[in-house]
Amino acid sequence: PVDCEAGSVPCRRYDGVFPGERLIEALRMTGGGSIAESLPEDAEIPDVPLSVYFGAEDSLPRRLELDLTGALAQYMDEALGLPGLIAIDSLTVSVTLGDYGSAVPATPPAEL
């Protein structure tokens, strides 16, 4: 683990990979099935570098980062069947989590 910050919260960062073969499955489970369907059956997507940040004091997840650059480049090559047609310099997804315990109970709507 690496000591760092997510926002202004001291954190510990853990680095790993999200398996490329599971990325296709994740797309199907989250509504991206049409994206997954455009790939050939034998398509191989590389593993995606992943970093997860946990609060140093409370161990709550504070940030999740995925570097999708290589996976998307491979996806485009496989889906289009024309390797190198599209160059992707960088694609990173970062989700920051916070304000734990601040949710207000929701009131259900009155009958319609």
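About the thresholds
- Residues numbered from 1 in each chain as written.
- Predicted model: local features only at pLDDT ≥ 70, side-chain atom pairs only at ≥ 80, totals over all residues.
- Heavy atoms only, no water.
- Helix = DSSP H or I, 4+ residues; strand = E, 2+ residues; numbered from the N terminus.
- Polar contact = N/O pair within 3.5 Å; in protein donor to acceptor, adjacent residues only side chain to side chain.
- Expected span 1.5 Å × (residues − 1).
- Buried < 20%, exposed > 50% of the residue type's maximum accessible area, 1.4 Å probe, protein only.
- Arc of directions from axis to C-beta.
- Core = buried A, V, L, I, M, F, W, Y, C linked by side-chain atoms within 4.5 Å.

**Q** Even after reading the chapter, I still don't get the side chain of Ser51, so can you show me in this structure?
**A** Relative to the elements of secondary structure, Ser51 occurs in strand S3 (residues 48-55). Side-chain polar atoms of Ser51 contact the side chain of Asp15, separated by 2.5 Å.

**Q** Just checking my understanding: could you explain helix H3 (residues 69-80) for this structure?
**A** Each α-helix turn comprises 3.6 residues. Residues three or four places apart therefore point the same way. An ideal rise of 1.5 Å per residue puts 16 Å on 12 residues; H3 measures up with 17 Å between its terminal C-alpha atoms. Residues of H3 that are buried include every one of Thr69, Ala71, Tyr75 and Met76, and no others. The arc that holds every buried residue of H3, seen down its axis, measures 165°, which confines them to one face. Gly81 lies just past H3 and shows a positive phi near 70°.

**Q** What exactly am I supposed to notice about the nonpolar core here?
**A** Nonpolar side chains in soluble globular proteins generally cluster together in the buried interior. Core analysis: the biggest nonpolar cluster contains 8 residues, these being Leu23, Ile24, Ile45, Val48, Leu68, Ala71, Tyr75 and Met76. When residues of this core are traced back to their parent elements, those giving at least two are helix H1 (20-29) and H3.

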